[in-house]
Amino acid sequence: MMNAILSRSFTIFIFLSLAAAPQYAADARKLSLKEAVELAIGQNHSLRIARLKIAENEQKKAGERASYFPAIKDHANANDTTGVDHIVIPAGALGRVQGQLVPGNDVNIPQGLHHLLINEATISQPLTQLIRIHEANRIAAAEVAISRAELKKDENQVAVDVHRLYFGVLIAELQKRAAEEQIAYAKQELKENTEGVRNGSLLRVSSIQGDVDVLQGQQAVLTADLQVSDLNTELDDLLGLPLDTKLDLVPIEAIGADRRPLEEYVQTAWANNPEIASAEESIKQARAAVKSAKSAFIPDVTAFASDTWQNGVPFLVTNFGMVGVQLDYDVFDFGKRRASVRERDAQLAQAEENLKRLKDSISAQVERTYNALERTKNLMAVADQVVALRRENERLSHNQVTQGVVTVANTFEATSATYKSQVDLLQANLNYMLAWAELKQTIGQTPGL
């Protein structure tokens, strides 16, 4: 029964969508819903920024990985000084040789030159710091995963926004068509009322009311036309297209996959929802930060080798090398490191609690969208029955006008009522599809793809 209703709804929906096609369709860009979603995901500016954020974090991770390896540095220094210290060896300081003083005169030996050149090349390998470096790499990897999850979340949201705007344009176009039918009815009624006033069968107030109805119909058409234009512009912006691009949207088949048990959707959401994935990576990040903070209690031990060349200090050889180990340790910092560990512990607890909150929230969201599917499906059935009744009423009105039972205005009124019911049917169809899109978004899938 429901499949028959959906099939009949779809047939009516196709007819309505074609009837509501915009006048500029020949010059418009034709798009299906799937093409619109793909275009938005590929060209949307916000998503491009999110992808660049991933590239940024990947390079940050590459930088952290480089810290595992030895660092080679070269330090050069050139000085020019106006004051050079001297060593004076007095005459005879070394005694006499064959009656002669050694040295024979005071000897002035400078301890350096006015120009001093030093170049030191060093290679150093962190040892105990590798613990902290490892945790920094885990934090960077988590940041990359979080940025990927954020991109997936944004893509899914953009896809849902495309659905909402796409459906909004279709509905607004059909509302415009229904308003035009209302004008046709109001004009026919005005014509009949004017004739009735002329022959004395109606009061002047009937003609005035007819004028009001025509004006109200024209106002509804202008409002719907403005809504179509605004939604078209908003959709252009979402798709990354020039804002003046006219869109000819392809009608949509109002169907959805067979519903599975609610618990299955909840488990899928927990496994695939990007917000939950991001929260899980935040926990990994917080745990790595805790271990990194604790490693501050371990002395920094670095192995190094250096080669030094100098010109300007006569008491040192020109070129010499060194190999050794360097140790740095903060003996006492008034509890700064301990406070840092406690701070990281608190951040870890927050991340774990946030994951629990998200799982509860997303479970509730899955249940809401799951229930919305059933409600919108029932609304589709009711709206379809209303359309069927309105169409039957329209058929009877056309038969009765030939028999003189009703006026032509009554047939226009029946046609207008049929269009209004068809707008409601289209709205019900699209609400059903939007509920499916939101459910797919919640369970971590991209709607429309």
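Residues numbered from 1 in each chain as written. Predicted model: local features only at pLDDT ≥ 70, side-chain atom pairs only at ≥ 80, totals over all residues. Heavy atoms only, no water.

S.K.: Could you clarify how one ought to interpret the overall build of the protein in this entry?
M.R.: Of the regular secondary structure elements, the protein holds 9 helices and 10 strands. The proportion of buried residues among the 449 residues of the protein is 36%. Here the contacts in the protein between residues at least 6 apart in sequence split such that 81% fall between residues at least 24 apart. By element, 55% of the accessible surface of the protein is carried by carbon and sulfur atoms, the whole surface being about 25,400 Å². (Helix = DSSP H or I, 4+ residues; strand = E, 2+ residues; numbered from the N terminus. Buried < 20%, exposed > 50% of the residue type's maximum accessible area, 1.4 Å probe, protein only. Contact = heavy atoms within 4.5 Å. Areas by Shrake-Rupley, 256 points an atom, 1.4 Å probe, with all protein chains shown as cover.)

S.K.: Even after reading the chapter, I still don't get the packing of helix α2 (residues 33-43) against helix α3 (residues 45-65), so can you show me in this structure?
M.R.: For any two helices packed against each other, one specifies the inter-axial angle together with the distance between the axes. Following both chains from N to C, one finds α2 and α3 inclined at 50°, their axes separated by 6 Å at the closest point. Judged by the angle between their axes, α2 and α3 are oblique. Here A40, I41, G42 and Q43 of α2 lie close against α3, whose contacting residues are H45, L47, R48 and R51. (Axes fitted to C-alpha atoms, helices over the stretch in contact; angles between N-to-C directions. Parallel < 35°, antiparallel > 145°, perpendicular 65-115°, else oblique.)

S.K.: Which parts of the structure should I look at to understand the sheet that holds strand β7 (residues 115-126)?
M.R.: The strands that make up a sheet pair up through hydrogen bonds in the backbone, lying either parallel or antiparallel. Spatially, β2-β7-β9-β10 is the arrangement adopted by the 4 strands of the open sheet, whose pairing is antiparallel. In this open sheet, the two strands that pair with only one neighbour each are β2 (71-80) and β10 (319-328). Here the strands of the sheet are splayed against their neighbours by 20° on average, with no regard to which way each runs. (Pairing = 2+ DSSP bridges.)

S.K.: Please clarify how the packing of aromatic side chains should be interpreted in this entry.
M.R.: Think of a pair of aromatic rings as described by two things: how far the centres are apart, and how the planes are tilted against each other in angle. Tallied over the entire structure, the rule returns 2 aromatic pairs. Judged by centre distance (4.7 Å) and plane angle (65°), the rings of F332 and F334 are edge-to-face. Summarising the burial analysis for this pair, F332 and F334 share the class exposed. One cation-aromatic arrangement involves R259 over Y370; the distance from NZ or CZ to the ring centre is 4.4 Å. The ring of W270 carries K359 above its face, with NZ or CZ at 5.1 Å from the centroid. (Phe/Tyr/Trp six-rings, centres within 6.5 Å; stacked < 30°, edge-to-face > 60°. Lys NZ or Arg CZ within 6 Å of the ring centre and 35° of its normal.)

S.K.: Looking at this model, I keep getting lost on the confidence of the model for the protein. Mind explaining?
M.R.: If pLDDT is low for a region, its predicted coordinates should not be looked at in detail. Considering every residue of the protein, the mean pLDDT works out to 84; 86% of them sit at 70 or more. When the criterion is pLDDT under 50, residues 1-26 qualifies, and its contacts beyond four places in sequence or with other chains add up to 39 contacts. (pLDDT = per-residue confidence, 0-100.)

S.K.: What am I meant to see in the side chain of T418 here?
M.R.: By the secondary structure assignment, T418 is in helix α9 (residues 408-442). Not counting chain neighbours up to four residues away, the residues in contact with T418 comprise R390, R391 and E394.

S.K.: Just checking my understanding: could you explain unusual backbone geometry for this structure?
M.R.: Keep in mind that most residues, glycine aside, have a negative phi and that most peptide bonds are trans. Of note, the phi angle at F334 is positive, near 60°, even though the residue is not glycine. On the secondary structure map, F334 appears in the loop between β10 and α8 (336-403). Among the residues examined, F334 registers a relative accessible area of 74% and is labelled exposed.

S.K.: Looking at this structure, how should I read the nonpolar core?
M.R.: Generally speaking, a soluble globular protein has its nonpolar side chains buried in company with each other. V162 and L239 are the most contacted members of the largest nonpolar core, which has 39 residues in total. Mapped onto this core, the elements with two or more residues apiece are α2, α3, α4 (130-198), α5 (204-239), β8 (247-249) and α9. The biggest single contributor to this core is α4, with 14 residues. Not counting chain neighbours up to four residues away, the residues in contact with V162 comprise L33, A36, V37, A40, L235, L238 and L239. Formed by 27 residues, the second largest nonpolar core is a distinct cluster that contains V290, A351, V366 and M380. (Core = buried A, V, L, I, M, F, W, Y, C linked by side-chain atoms within 4.5 Å.)

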